[in-house]
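# Observations on the model geometry
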Amino acid sequence: MLRMTSMVRCTMVGLAGIAAAAATAGCASFQPPARVLYAAPRGSGSTCSRRHPCSLAGVQQQVRSVLATDEGATQDTVVHLAGGAYRLGTPLHFGPRDSGRNGHTVTWTAAPGAHPVLSGGTRVTGWTASDPAQGIWSAEVPAGTRTRQIYVDGKVATLAQARSEERRVGKE
């Protein structure tokens, strides 16, 4: 609301014929509203609108396209992430092509009231009880999988530790 008021005031000052220096000083703080783009975990749109949100990769490409134009140099860009889990198969990289220009910013944030989670985790399925008496379960994971934590039903669980002699045998 204040930004629109500033624009109207600046226009009126210019029309009233007040000195150009005063008009320029009053208008210097005017910023156009930010361009807002939207992403969702299952987004597949190409306009990145609230009604047709993009995927993370899609919205990142849209941001890069905007930044490559003159429009990208004249206003801030805000990316709203809808709630839910964004499962990443590869890291989400940000570089110079993802940064604002001419003092304008690019902000990635949760949409109002949303709680997005960007996860590079691997969903593990096919669990079997390997020692039901002790409550020990196991599942196959892809070769080379390295993990620091495990969640069961959204809660941190204890990760099994191999005994030192088992670790040695596995490395031989």
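Preceding this section is the structure that the text describes.
Residues numbered from 1 in each chain as written. Predicted model: local features only at pLDDT ≥ 70, side-chain atom pairs only at ≥ 80, totals over all residues. Heavy atoms only, no water.

### Side note on the packing of aromatic side chains
Inspection of the entire model under this criterion finds 1 aromatic pair. With 5.1 Å between their ring centres and 75 degrees between their planes, F94 and W108 make a pair best called edge-to-face. Separated by 14 residues along the polypeptide, F94 in the loop between β3 (84-87) and β4 (106-110) and W108 in strand β4 bring together distant segments of the chain. (Phe/Tyr/Trp six-rings, centres within 6.5 Å; stacked < 30°, edge-to-face > 60°. Helix = DSSP H or I, 4+ residues; strand = E, 2+ residues; numbered from the N terminus.)

### A look at the side chain of H104
Take H104: it is sitting in the loop between β3 and β4. Polar contacts involving the side chain of H104 include one to the side chain of D76, which spans 3.2 Å. The contact partners of H104, leaving out residues within four places of it in the chain, are Q31, A73, T74, Q75 and D76. (Polar contact = N/O pair within 3.5 Å; in protein donor to acceptor, adjacent residues only side chain to side chain. Contact = heavy atoms within 4.5 Å.)

### Thoughts on the sheet that holds β4
Strands sit in the order β1-β2-β4 across an open sheet of 3 strands; the sheet is parallel. Strand pairing shows two members of the sheet lacking a second neighbour, β1 (35-39) and β4, which therefore form its edges. Each strand axis lies, on average, 20 degrees off the axis of its neighbour in the sheet, ignoring direction. By the bridge criterion, 5 bridges tie strand β2 (residues 77-81) to β4 in an arrangement that is parallel. Directly across from V79, in β4, lies its bridge partner W108. Across the sheet, helix α3 (residues 56-67) lies against β1, β2 and β4, angled at about 160 degrees from β1, the strand it touches most. (Pairing = 2+ DSSP bridges. Axes fitted to C-alpha atoms, helices over the stretch in contact; angles between N-to-C directions.)

### A closer look at the state of the cysteines
As enumerated under the stated definition, the model contains 1 disulfide in all. Through a disulfide, C48 is tied to C54; the S-S separation comes to 2.0 Å. Judged by the sign of its S-S torsion, about -100 degrees, the cystine formed by C48 and C54 is left-handed. (Disulfide = S-S within 2.5 Å.)

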